[in-house]
Structures are given as structure tokens and as C-alpha cells.
Amino acid sequence: MAPHTIDILYFLLGKFSDATGFIANTGNLYDAEDTVSASFRFESGIIGSGLWCYVSSIQNQNDLIEFSGTKGIIRCSTFSFSPIELITDNRKEYFDIPSPQHIQQPMIQSIVNEIRGNGICPSTGETGIQTSWIIDKIFRKL
């Protein structure tokens with residue numbers, strides 16, 4: 001599954017309170033499951049769903065997170081550095097944030113900064129446990 005997507009949802013929306021899912025090996029290319037459908041709830045009451053299919057055709061590949069609310073929609077991706085899209089009733093805006101030269105550098109720098117006493121790293125043992133817990137819930141291992 002995509003723990004990076006779960007991580008960013010946790011970072012943006014807070015702790016998960018529950019999740020469930022369905023998993024399948026639809027491509028039969030190997031023994032592992034290649035398709036995951038999930039529904040989840042956050043402690044804040046926000047609910048969401050996700051679909052990960054690792055055997056879809058190139059035409060069907062879509063790296064998209066969509067947040068829908070009463071005032072509009074925000075669309076972004078987990079892995080591609082496509083512009084973030086903000087859609088409201090009266091406008092559509094794009095925010096093109098350049099990818100870092102070294103993709104892991106900002107996270108590593110936050111760890112180094114915290115060790116040196118110059119900042120706080122957003123990734124902790126608790127965030128790692130939360131991500132593992134929600135994936136286990138989705139895979140029905142709990």
C-alpha cells in the first residue's frame with residue numbers, strides 16, 4: 001500500500017480513528033495483493049476513502065488526493081510534483097511548488113535540526129505507529 005499517502009493525510013488531517021478495507025490480487029502477476037480499497041475516519045470526524053491499484057493500465061494511472069469541502073476542492077498528488085489545484089465557486093488557482101533537488105533532504109534536515117535543538121521533526125515514532133496501525137486496519141490484520 002502507499003504509506004506515504006497515509007502519512008500525508010495524518011499530517012494534514014490528524015489522527016485516524018478507524019478504517020476498513022478490501023484487498024485483492026486482481027492482476028495475478030505475483031502473490032501479493034495489488035489492489036486496495038479503503039474507507040477511513042479521522043478523530044476530527046472527517047471521513048475519506050482511497051483506492052490503490054498497482055496493475056492498472058498506463059492510461060488509468062492517477063496519483064490524486066482530493067479534499068472536498070463546503071467552500072471548494074483541493075487536489076494534489078502524493079508522488080508527482082504536479083501543481084496543487086484549488087477550486088472554489090468563482091475561481092481556479094494552481095500552486096506549482098518545485099520539487100526539491102534531493103527528495104529526502106527536507107525530512108533528513110528536520111531530523112538533524114531536532115537533534116541539534118533547532119526545530120521539531122514532524123515524523124515521530126507515534127506517526128509511524130499511526131500509519132502502521134491504519135494500514136493493518138485496512139488489511140484487516142487487527
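Below is a short write-up of the structure. (Residues numbered from 1 in each chain as written. Predicted model: local features only at pLDDT ≥ 70, side-chain atom pairs only at ≥ 80, totals over all residues. Heavy atoms only, no water.)

Observations concerning the overall build of the protein
If you tally the helices and strands in the protein, you get three helices and seven strands. Element order for the protein, N to C, with α for helix and β for strand: α-β-β-β-β-β-β-β-α-α. Dimensions along the principal axes, computed over C-alpha positions, put the protein at roughly 45 × 40 × 35 Å. Out of the 142 residues in the protein, the part that is buried amounts to 21%. Intrachain contacts of the protein at a sequence separation of at least 6 include 40% that bridge at least 24 residues. Of the roughly 10000 Å² that the protein leaves accessible, carbon and sulfur atoms contribute 55%. Placing the 10 positive and 15 negative side-chain charges of the protein at their respective mean positions leaves the two points 5 Å apart. (Helix = DSSP H or I, 4+ residues; strand = E, 2+ residues; numbered from the N terminus. Buried < 20%, exposed > 50% of the residue type's maximum accessible area, 1.4 Å probe, protein only. Contact = heavy atoms within 4.5 Å. Areas by Shrake-Rupley, 256 points an atom, 1.4 Å probe, with all protein chains shown as cover. Lys, Arg positive; Asp, Glu negative; His and termini not counted. Charge placed at Lys NZ, Arg CZ, Asp CG, Glu CD.)

Quick notes on the side chain of E85
Among the structural elements, E85 can be located in strand 6 (residues 84-87). At 3.4 Å, the side chain of E85 and the side chain of Y94 are in polar contact. The residues touching E85, leaving out its near neighbours within four places in the chain, are I73, I74, R75, K92, E93 and Y94. (Polar contact = N/O pair within 3.5 Å; in protein donor to acceptor, adjacent residues only side chain to side chain.)

Examining the pairing of strand 2 (residues 35-42)
Summarising the sheet, strand 1 (residues 16-24) and strand 2 pair through eight bridges and their orientation is antiparallel. Note that in strand 2 the partner of A24 across the bridge is T35. As paired strands, strand 2 and strand 3 (residues 47-53) are joined by seven bridges and run antiparallel to one another. Each residue of the ladder has a partner; that of T35, found in strand 3, is C53. The loop that links strand 2 with its antiparallel partner strand 3 comprises four residues; one of these, G45, has a positive phi angle of about 100°. (Pairing = 2+ DSSP bridges.)

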